[in-house]
Amino acid sequence: MRANWIVLGVAGIGGALVLSSFLGVFESRVDYNTQVKPLLNKNCIACHGGVKKASDFSLLFRHEAVAPAKSGKPAIIPGDADASEMIRRLTLAEDDDERMPLDHPPLKPDEIDLLRKWIDQGAEWGDHWAYQRVEKPDVPAIGTFWSRLGLGGSDETSWAKNEIDHFILDKLRDEGLKPMPEADRATLIRRVTLDLTGLPPTQQEVAAFQNDPSPTAYEKVVDRLLASPAYGERWTGMWLDLARYADTKGYERDPGRKIWRYRDYLINAFNADKPYNLFLTEQLAGDLMPKASDEQFIATGFHRNTMTNDEGGTQDEEFRVAAVIDRVNTTWDVFQGTTFACIQCHSHPYDPFTHDEYYKYLAFFNNTRDEDVTSETPTLRFYQGADSAEAVALKQWLRTHVSARTESIHERFLRTMEPKFNSHDIKQLMNASLLDAKYFGAQDKGVGQLDKVTLTGQNRLLIAWGTKETGATLTIRQDGPNGPVLLTQPVPKTGSEWKDTIQIFALPAVTGQHSLHLSFSNPKHPKNWTMIKWVAFQQALPDLQQEKRYLALLNKDPEQTPIMLDGSGDLARPTHIFDRGNWLVKGKRVTPDVPKSFPAMDPKLPRNRLGLAAWMTSRDHPLTARVAVNRFWEQLFGTGIVETVEDMGTQGIPPTHRELLDYLAAEFMETDSWSVKKMLKRMVTSATYRQYAKATPELLAKDPFNKLLARGPRVRLSAEQVRDQALTVSGLLSRKMYGPSVMPVQPEGIWQSPYDGDTWKQSTGEDLHRRALYTYWKRTAPYPSMVTFDSPSREFCQLRRLRTNTPLQALVTLNDPVYVEAAQKLADYMRLRGQTPETQIQAGFRRVMLRDLPPAKLAVLTRLYRNTEQYYRQKPDEAQKLLAKADGVPVTPQQAALTVTANTMLNLDEVITKE
C-alpha cells in the first residue's frame, strides 16, 4: 500500500513538473518595445546610453548591454536575472551608494519584477515598431454577426464608408464610444474644399452639392476638387515648409535668390499626381536620373533651398558643410520622420543609429557641386529668344560633329556651367587674397596655385575673370614656378575686378594630373586687382566659329535657378567622420552607406543619391510610406496618427491607431502605387472624416483632444488659408498661377537691408491679390501677417506648425491692410444684396460661411452695425479715412459701418476655423 502511495507521489510530482513546464510555454512574454524600453528610457538611458556610458555600460544596443562593463563583468546575463549585476543594483537598499538609478527614487517593485522576468526570458531586444517592415494588417470586422452576413444592418455597418472606419470603430468600441453622424452638407463641402484646395467653396458649388440627391454626390465633389489647379497650390504650400523654401539665401545679409521654378515644379507635380516615390526621387536625385529633363533638374531645388552665407569674412567650406549637414537632417526629417540629426556628434541615445552611420549617409550628399559661393552655382540656365535659338543650333551641330562624350560635356556646361573649379580652390600664395572672402584676387607679382587638375584630353582653358585697367598678365606653369609654361595671356579690362567676362584659351597637350602655378604681372597698375571667379578645362571643338558661338552663349546672363549636381574625378570629395561633429577635426574616411538597423541597399544600386532614393522607396523600407501617410493625415485631421510627425522613433508619441497607419502605408505603396490623390480621396471619403465636429460632454471628458476620432476635425486654418479665404469671399483673389514671387501690401519698416538697400517693392494689379504661397519670402523678415498665424521663417525645415491662439492674430484680421481691403469689398457685395442691415449682414455671412446666421449672432452684428453707423455719422472724417477714398469721393456712414461689420465677420472664430 505504501509503495502505491510512493508511486502516486512520484507520479504527482512528475505531473506537476510536466504541467509547470507546459504552462511555462504559455507564460506571457515581456515585450521590449512597449514594456521594457520605456522603463529604461525613463530611468537608465540618460547615464547608460549613446551620449553617456557610465561605467562603460550602455542599454542602447543589446550587444553593448550584455558586454563586459568597466568592472570586466556583464551587467546583464540573459536567462539569469539573479546573477545579473543590474538587478542586484536595482534592489539594493535606498541608502546604499551603489543603488540604481543613482540619486533618483528607486524603481517600483513591479518594475523590477518586469525587468527580472525580461532578463530570465533571455533579455531580447526588439525592433521599434516604426523600424519594422510595413505589413498590411487585417481589417477589423464591424457590426453584428448577422449584419456581416448581409442579413440585417447595424449602426456600425451603415455608418462606415471604407476600411478606415473599421479601424476607428474598433478602437471606439473598446472605449465604449460611438462616432458622430455625418456633418451637414454645407459644413462638409467647406471642410473638404479648404482641405483639398486651401480655398473655400463658392455658394454655387454648395448649392449644387446640396441639391444633388445621388449617392455619389460627395464623391463627385472630391473628384472635382482633386482635379482643380488649386489642389496643387494648396499641397505645395504644405511642402514649402518642409523644403525650407524662401526667396532669399538667409543668414545676416539674406540677399535674394531666384528659385521660384522649384515652387512651380511642386504645383505641377501635385496636380499631375506624380507618384510619391518618383516625387521623392526627383527632389533628391533628379540630376542623376537617365536623360534628366529640365523638370527633374529643377526638382533638385529641394536641397538647394539650404541657406548660403554671402557675408564677407566667412569660410565657404564651413557653410558648404553646414548645407550638406542640413540636407542629411532634412532628408531624414521629411521622408523618414526620424531624429537622425542627433548622431552628428554622437551615437543616438534612444534609437539604433551610431555616430559613424551619420557620415556614411552624409557621403551620399558630399559630392554636390554647390560650395556656398555668391553666384549660387550650379544653376540651370534658361536661354530666351534669339539666345535660345542659338543654343538649339549649337546643340544640333554638336550632335553631328563631335563624340557623344564631348557633346554631353559641352551641352551640360552650356546649361549648368559645370564642372568647373571655383576660385576659392586656388591657393593664395603671394600678393593674393579671396576678395571679400568670395573670389580669388591677385595684384602685381601675385601667385596662386590650383592643385589636382587632370589635363588628359583637355586642351582648352575656360576662365571667368576681369580687372579695372589694362596691363595685367597671367602666366600659367605646370607643376611649379619653374615648370613648363602652358599659357600667357593679358587679363581683359572689364572696368572693375568685380565685373567678369568668360574667355577660352588653347592649352598644349598634357596628360596626367598636375598642379597649376598662376603668376600675375601688372607693373603699370601694381595695386589693381585681377579677379578670377572660376576656371574649367575642356576639349576643343573642331570648328572655331562654333567655339565662338559657344563662348558667346556662356557670356549671356539668362534666367537661372539653383540645382544639384555631383562632382566626379578631380572634383570628387572624400568623406570623413567629424569628431564630436566638428567639421575641422576629421576622423576615419567612410563611404556611402545606410544604417545597419534598416534593410541593406541592393548591391546593384549605385552608391549615390539616386541609389539612395531607390532604397528609400523600396517596398521593404519601413519609414517612407508611414511618414508620408501620417503627414497627409495630420493635414486633414489636425493631428497625425503619430502626433509627432517629426519623430516616429522611440521617443516619439506612440500612434493612436498603429494598425490603421500600417494599413494605409501598405495601401499607399501597393494598391495606390504611391498616388497621393488616391490616398487623400480614401481619407476624405471615410465616415471618420465626414463626422460632425461637435463635442459632447461625454466625448470631452473621455477624449478631449479627439485622439480616438469620435468626432470630426475642428482646427484653425493655416496662415495661408486665413488670408486666401478673406481674398476669396471678398472677390479680390487672383487665380493667376506660377512665376516669380510677388510683394502684396505690407506695412512699412519690415525690411532692413543695409548691405544692398533692398526694399519691399509693392506689386501692382492682380499680383497684389494672388494666393499666399506666391508671396515673396525673406527669411530674416517673413511676411508679418502669416508669421502671426504660425508660419515659419523657413531658415530650416519646418515639419509641423504648432497652432497658437494670440491677440495678435485678431489684430491682424481686424487691422492689416489686406483684411481691411477685403472687408471693404465684402461690404460692397453686402450692400447690393439687401435693403436692410439685417438682410445685408445675412447675405455677407452666407457668402463667407455658406449658411445663415443664427438669430442671436445676427442681433449682435446688427447692433454693431447700428452703433458704428451712429459713430461715423458724428465723425465723417473717420469714415473717409477708413475707406481711404481718393478725389474726395464721399463715404456714407452706412458704407463705413458695413465695412466694420464685414471686418468683424471675417474675424469670427468659426470663419478662421475649419469647422
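In what follows, the structure referred to is the one given above.
Residues numbered from 1 in each chain as written. Predicted model: local features only at pLDDT ≥ 70, side-chain atom pairs only at ≥ 80, totals over all residues. Heavy atoms only, no water.

Q: Tell me about the packing of helix 30 (residues 817-831) against helix 31 (residues 837-849), and please be specific about residues and values.
A: It is the contact of helix 30 with helix 31, at a shortest axis distance of 8 Å, that shows an interaxial angle of 125 degrees. Viewed along their axes, helix 30 and helix 31 adopt a mutual orientation that is oblique. In terms of crossing hand, the pair formed by helix 30 and helix 31 is right-handed. For the pair helix 30 and helix 31, contact is made by Leu 826, Tyr 829, Met 830 and Arg 831 and by Gln 840, Ile 841, Ala 843, Gly 844, Arg 847 and Val 848, respectively. (Axes fitted to C-alpha atoms, helices over the stretch in contact; angles between N-to-C directions. Helix = DSSP H or I, 4+ residues; strand = E, 2+ residues; numbered from the N terminus. Parallel < 35°, antiparallel > 145°, perpendicular 65-115°, else oblique. Left-handed = near helix turned anticlockwise from the far one by under 90°. Contact = heavy atoms within 4.5 Å.)

Q: Pulling in residues and values, what's your account of the pattern of salt bridges?
A: Taken as a whole and judged by the stated rule, the model has 71 salt bridges. In this structure, Arg 794 engages Asp 241 in a salt bridge whose closest nitrogen and oxygen atoms are separated by 3.0 Å. Highlighted residues: Arg 794 in the loop between helix 28 (784-788) and helix 29 (807-815) and Asp 241 in helix 12 (residues 229-242), separated in sequence by 553 residues. According to the relative accessible area criterion, Asp 241 is buried, its value standing at 5%. When the shortest N-O distance is used, the salt bridge between Arg 399 and Glu 407 registers 3.4 Å. Several salt bridges share partner residues, and in doing so they unite Lys 136, Arg 619, Glu 667, Glu 670, Asp 672 and Arg 682 into one network. (Salt bridge = Lys/Arg side-chain N within 4 Å of Asp/Glu carboxyl O. Buried < 20%, exposed > 50% of the residue type's maximum accessible area, 1.4 Å probe, protein only.)

Q: Give me the lowdown on the packing of aromatic side chains, citing residues and values where you can.
A: Inspection of every chain in the model, using the stated rule, returns 50 aromatic pairs. Here the aromatic rings of Trp 239 and Phe 335 are separated by 5.9 Å at their centres, their planes lie at 50 degrees, and the arrangement is tilted. With a gap of 96 residues between them, Trp 239 in helix 12 and Phe 335 in helix 16 (residues 316-336) connect regions that are remote in the sequence. You'll find Trp 239 and Phe 335 in the same group, each marked buried. Between Phe 340 and Tyr 358 the ring centres are 5.6 Å apart and the planes differ by 20 degrees, which places this aromatic pair in the stacked class. Of this pair, Phe 340 sits in the loop between helix 16 and helix 17 (355-362) while Tyr 358 is found in helix 17, placing the two residues 18 residues apart along the sequence. We note that Phe 340, like Tyr 358, is buried. Just above the ring of Trp 534 sits the side chain of Lys 420; from NZ or CZ to the centre is 5.9 Å. Lying across the ring of Tyr 774, Arg 770 places its NZ or CZ 4.1 Å from the centre. (Phe/Tyr/Trp six-rings, centres within 6.5 Å; stacked < 30°, edge-to-face > 60°. Lys NZ or Arg CZ within 6 Å of the ring centre and 35° of its normal.)

Q: Tell me about the side chain of Asp 241, and name the residues and values.
A: Reaching out from Asp 241, the side chain makes a polar contact with the side chain of Arg 794 at a distance of 3.0 Å. Excluding residues within four positions of it along the chain, Asp 241 makes contact with Pro 792, Arg 794, Phe 796, Cys 797, Gln 798 and Arg 801. (Polar contact = N/O pair within 3.5 Å; in protein donor to acceptor, adjacent residues only side chain to side chain.)

Q: Before we move on, could you go through the nonpolar core and cite the residues and values that matter?
A: The biggest cluster of nonpolar side chains holds 115 residues, and the ones touching the most others in it are Trp 239, Tyr 276, Tyr 361, Phe 632, Leu 664 and Phe 668. Beyond its immediate sequence surroundings of up to four residues, Trp 239 is in contact with Tyr 262, Leu 266, Phe 270, Tyr 276, Phe 279, Gln 283, Phe 302, Val 334 and Phe 335. Listed in part, the 48 residues of the second largest apolar core include Trp 760, Ala 822, Ala 823 and Leu 853. (Core = buried A, V, L, I, M, F, W, Y, C linked by side-chain atoms within 4.5 Å.)

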